[in-house]
Amino acid sequence: MHYIILVLKDALSLLLHPSRELIGVVVLSMLVSGGGLIAAAIAGLPLAAFLAFSTRFAHLRTVTVHLLNTFMGMPPVVAGLALYLLLSRSGPFGVLGLLYTPSIMALAQFLLALPLVAALSHSAMVAVRPEVILAARSLGASPFQRVRTVIYEARYGIIAGLMAGFGRVMAEVGAVIIVGGNIKGYTRTMTTAIALETDKGDFELAIALGILLLAISLVMNFSMYFFQRKGKYQ
Amino acid sequence: MSLSLRIEDLRKSYARPVLGGINYQFMPDRVYALMGPNGAGKSTLFRLLALLEKPDHGRVIYENGPVDILDDMNLRRRITLLLPESGLFNTTVLANAAYGLRLRGVGRAEAKRLAVEALASVGLEHKADQRALTLSSGESQRLALARAIAIRPEVFFLDEPTASLDPENREIIEEALLSMRGRTGIILSTHDRTQAEKLGDVILMLKDGKLSEEG
């Protein structure tokens, strides 16, 4: 117990006087995870809207929804492995030289967040009460205005999808360690650093990063809570 | 001056025939009370007249010609249908009331002024900043009415606007409709003969897929 208290004390000291390494790891994590999530939102929200509102390509839409639901539970290491095989020197995209770079880590995060963002946003959009859509039509909304109205009505569910995506990318370690390589000062993120430092028995940095990750998650969850409470109606 | 509306040989079937060849000429600025048993096709008729659905056969004619397409936005924005379910948006009372105006490109300040005016006509102006989905069912229906009044439709369809409301809310809605009399064409459905006689210039009966005038 005494040892844990000592380590915690050192971790807090690290947080109060962060080293350049710690700051670099946090910044890279935010860039990679944020970039992946933003890209997932940019691709996932229109995809969700297409799946929810299009009256064409019924079979394609059904297959896509099932695929998204399936990939929501995809183990990150499998995504990492697939990307690794595609981008390794002997792989079909090996010439791009993307393996062990922050870009490919962001791509991995994008692939992991996309199914969550798209599937949960789609669920939120199709759950909008039909009488609301009919009311919008009867008040003279054009097809585009109806889509906008439905997205507005589904905003809390969409935000929940984005939060779920954020949670996944922030906690991700399996895929980014495979495609990023956990290179110090270049592709080391908070989660991969925690895994490495724990292996080394150097718990101060691991705990400091763990506290930071929890703090970020807490802030995001509180933001979400207040946003949802503002819109609570029952 | 409201639009004139004529229907010619209007037919619609779902699992069974609902409307079987209806012909009628609605005069501008008059109030029509539509009665008929449950399942007679009143809601179906409203959806066809409000251009939300296509008939299987026949024509809905507004002013100059038949409406064959449902996306005639200019025409659709001159009419509206108030549904039995209020279908309120999850935002403030004021934003709900201003919704149709904003769709039509009315500026924020003007939309607010007109929306508050419409809310006042149903006694809800003091709840403008409240979230719409916290309203009681009677207030919700009044807000749905205000939302429609705000856009000043030339033809206003109301599908059982006071069904399952208490006398107080019913009276507020009836008063709001009476105040629109002569300025807009109103076609409302009701099961209440007293209400039909109070509000309607003409009472219509829809039964067995046919429409007829009463009295």
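Everything discussed here concerns the structure shown above.
Calculation criteria
Residue positions are given per chain, counting from 1 as you read along its sequence in written order. Here chains are named by letter from A upward and ligands by number from 1 upward, in the order in which they appear as written. Predicted model: local features are reported for residues with pLDDT of at least 70 only, side-chain atom pairs are reported and counted for 80 or more only, and whole-chain, interface and lining totals are derived from all residues. Only hydrogens and water are set aside; all other atoms, that is, all heavy atoms of the structure, feed into the side-chain values. Note that patches include only residues with greater than 30% relative accessible area and no salt bridge, and the join distances are 9 Å for like charges and 5 Å for nonpolar side chains (Val, Leu, Ile, Met, Phe, Trp, Tyr). Accessibility throughout is a Shrake-Rupley quantity obtained with a 1.4 Å probe, and a residue counts as covered only by protein chains that appear here. Counted as salt bridges are all cases of a side-chain nitrogen of Lys or Arg within 4 Å of a carboxyl oxygen of Asp or Glu. Helix numbering and strand numbering both begin at the N terminus, where a helix is a DSSP run of H or I of at least 4 residues and a strand a DSSP run of E of at least 2. Think of it in three bands: with a 1.4 Å probe and only protein chains considered, a residue is buried below 20% of the maximum accessible area for its type, exposed above 50%, and partly exposed in between. Stacked, tilted and edge-to-face are the three classes applied to pairs of Phe, Tyr and Trp rings, where Trp contributes its six-membered ring and a pair requires centres within 6.5 Å; stacked means planes under 30 degrees apart, edge-to-face means over 60, and tilted covers the rest. Counted as over-ring charges are cases with an Arg CZ or a Lys NZ within 6 Å of the ring centre that also lie within 35 degrees of the ring normal. Here, nonpolar core means buried Ala, Val, Leu, Ile, Met, Phe, Trp, Tyr and Cys residues that are tied together by side-chain atoms lying within 4.5 Å of each other. When checking whether two residues touch, look at their non-hydrogen atoms; a contact exists if any pair is within 4.5 Å. In this description, buried area is defined as the sum, over both parts, of the accessible area (probe of 1.4 Å) that is lost when the two are combined. Throughout this entry, Asp, Glu, Lys and Arg are counted as charged residues, while Ala, Val, Leu, Ile, Met, Phe, Trp, Tyr, Cys and Pro are counted as nonpolar. The remaining residues, Gly among them, count as polar. Whether two strands pair depends on DSSP finding at least two bridges between them. Axes here refer to lines fitted to C-alpha atoms; in helices the fit is confined to the stretch in contact. Angles between the N-to-C directions go from 0 to 180 degrees. Between 65 and 115 degrees an angle is taken as roughly perpendicular, under 35 as roughly parallel, over 145 as roughly antiparallel, and anywhere else as oblique. Note on convention: the crossing is left-handed when the near helix lies turned anticlockwise from the far helix by less than a right angle, right-handed when the turn is clockwise.

Visitor: Where do I start with a nonpolar patch on the surface in this structure?
Guide: Residue and element names in this part refer to chain A. A cluster of nonpolar residues, Met1, Tyr3, Ile4, Ile5 and Leu8, forms a patch on the protein surface that exposes about 550 Å² of accessible area. Position of Ile4 relative to the elements: it lies in helix H1 (residues 2-16). The exposure class of Ile4 is partly exposed, given its relative accessible area of 45%.

Visitor: I keep staring at the packing of aromatic side chains and nothing clicks. Help me out?
Guide: Each pair of aromatic rings is reported with the distance of its centres and the angle of its planes. Applying the stated criterion to the full structure yields seven aromatic pairs over all chains. Ring geometry for Tyr3 of chain A and Phe203 of chain A: centres 6.5 Å apart, planes at 80°, overall edge-to-face. In this pair, Tyr3 of chain A sits in helix H1 while Phe203 of chain A sits in helix H11 (residues 203-230), placing the two residues 200 residues apart along the sequence. An aromatic cluster is present here, built from Tyr24, Phe26 and Tyr32 of chain B joined pairwise through their rings. If you follow Arg155 of chain A out to its NZ or CZ, it ends over the ring of Tyr152 of chain A, 3.8 Å from the centre.

Visitor: Explanation requested: the nonpolar core in the structure shown.
Guide: What tends to happen in soluble globular proteins is that the nonpolar side chains get buried as a cluster. Residues and elements named next belong to chain B. The biggest cluster of nonpolar side chains holds 37 residues, and the ones touching the most others in it are Leu119, Leu143, Leu145, Phe156 and Leu177. Of all elements in the fold, only helix H3 (93-103), helix H4 (108-121), helix H5 (137-150), strand S7 (155-159), helix H6 (167-180) and strand S8 (185-189) reach the threshold of two or more residues within this core. Here this core takes seven residues from H5, the largest share from any one element. If you look at the next biggest cluster of nonpolar residues, it comprises 32 residues, including Leu34, Leu45, Ile79 and Ile187.

Visitor: Even after reading the chapter, I still don't get H3 of chain B, so can you show me in this structure?
Guide: Residues spaced three or four apart along an α-helix face the same direction, because each turn holds 3.6 residues. Of all 11 residues making up H3 of chain B, nine are buried, and the element is well covered by its neighbours. Buried within H3 of chain B are the following residues: Val93, Leu94, Asn96, Ala97, Ala98, Tyr99, Gly100, Leu101 and Leu103 of chain B. Packing partners of the buried residues in H3 of chain B comprise helix H6 (130-138) and helix H7 (143-153) of chain A together with H4 and H5 of chain B. A positive phi of about 80° marks Gly105 of chain B, the residue just after H3 of chain B.

Visitor: Before we go on, may I ask you to explain the interface of chain B and chain A in this structure?
Guide: It is common to give the size of an interface as the accessible area that goes away when the parts come together. Chain B puts 26 residues into the contact, and the matching count from chain A is 23 residues. Across the chain B to chain A interface the summed buried area is about 2100 Å²; carbon plus sulfur atoms make up 55%. Our enumeration of links across chain B and chain A arrives at zero salt bridges. Tallied by class, residues from the side of chain B that touches chain A come to 13 nonpolar, seven polar and six charged.

Visitor: Looking at this structure, I do not really get unusual backbone geometry. What am I missing?
Guide: As a rule of thumb, non-glycine residues mostly have phi less than zero, and peptide bonds are mostly trans rather than cis. Even without glycine at this site, Asn182 of chain A takes up a positive phi of about 55°. One can find Asn182 of chain A in the loop between helix H9 (174-180) and helix H10 (190-200). Unusually for a residue other than glycine, Leu51 of chain B sits at a positive phi of about 65°. Within the secondary structure, Leu51 of chain B is located in the loop between helix H1 (42-49) and strand S4 (57-62). The class for Leu51 of chain B is buried, based on a relative accessible area of 2%.

Visitor: What's the story with the pattern of salt bridges in this structure? I'm lost.
Guide: Between side chains of opposite charge, a pair can form as their charged atoms come close. All names here are of chain B. On inspection of all chains with the given rule, the structure shows 18 salt bridges over all chains. For Asp56, the salt bridge identified is with Lys12, shortest N-O distance 3.8 Å. Residue Asp56 is found in the loop between H1 and S4, and its partner Lys12 is found in strand S1 (residues 5-13); the two are separated by 44 residues along the sequence. A salt bridge links Lys198 to Glu174; its shortest N-O distance comes to 2.6 Å. Of the two residues, Lys198 sits in helix H7 (residues 193-199) while Glu174 sits in helix H6, which places them 24 residues apart along the sequence.

Visitor: What exactly am I supposed to notice about H6 of chain A here?
Guide: Listed as buried for H6 of chain A are Val132, Ala135, Ala136, Arg137 and Ser138 of chain A. Turning to H6 of chain A, the residues buried within the fold contact H7 of chain A together with helix H2 (73-76), strand S6 (79-82), H3 and H5 of chain B. Looking one or two residues past H6 of chain A, Gly140 of chain A carries a phi angle of roughly 100°, positive in sign.

Visitor: Would you explain the pairing of strand S2 (residues 17-26) of chain B in this entry?
Guide: Put simply, side chains in a regular strand alternate between the two faces of the sheet. Residue and element names in this part refer to chain B. Bridge analysis of S1 against S2 gives seven bridges, and the strand direction is antiparallel. In the strand pairing of S2, Ser13 is matched with Pro17. Here S1 folds back onto S2, and the loop between the two strands holds three residues.

Visitor: In this structure, what is going on with the environment of Thr70 of chain A? I would like to understand it.
Guide: All names here are of chain A. By the secondary structure assignment, Thr70 is in helix H3 (residues 58-72). You can call Thr70 exposed: its relative accessible area is 55%. Spatially, the C-alpha atom of Thr70 lies 8.3 Å from that of Pro115, the residues being 45 residues apart in sequence.

Visitor: What is the right way to read the sheet that holds S8 of chain B from this model?
Guide: Strand pairing within a sheet occurs via backbone hydrogen bonds; the two strands may be parallel or antiparallel. Residue and element names in this part refer to chain B. Ordered by their spatial adjacency, six strands build an open sheet running S6-S7-S8-S3-S9-S10, and the pairing between neighbours is mixed. Each edge of the open sheet carries a strand with a single partner, namely S6 and strand S10 (210-214). The sheet shows a mean angle of 20° between the axes of neighbouring strands, taken without regard to direction. Bridge count between strand S3 (residues 31-35) and S8: four bridges; the pairing is parallel. Each residue of the ladder has a partner; that of Val31, found in S8, is Ile186.

Visitor: Is there a simple way to explain the pairing of strand S9 (residues 202-207) of chain B in this structure?
Guide: Residues and elements named next belong to chain B. Of all six residues in S9, five are buried; the element is thus mostly enclosed. As judged from the four bridges shared by S3 and S9, these two strands associate in the parallel manner. Bridge assignment links Leu34 to a residue of S9, and that residue is Leu204. Bridge count between S9 and S10: five bridges; the pairing is antiparallel. Its bridge partner being in S10, Met205 is matched across the sheet by Ser212. The antiparallel pairing of S9 with S10 creates a hairpin that spans two residues between the two strands, and Asp208 there sits at a positive phi of about 55°.

Visitor: When you look at the packing of H4 of chain B against H5 of chain B in this model, what are you seeing that I'm missing?
Guide: Two packed helices can be described by the angle between their axes and the distance between those axes. Residues and elements named next belong to chain B. One way to put it is that H4 packs onto H5 with a least axis distance of 8 Å and a crossing angle of 135°. In terms of their interaxial angle, H4 and H5 are classed as oblique. In the crossing of H4 with H5, the sense of the turn from one axis to the other is right-handed. On H5, the residues touching Leu114, Ala118, Leu119 and Ser121 of H4 are Leu143, Ala146, Ile149 and Ala150.

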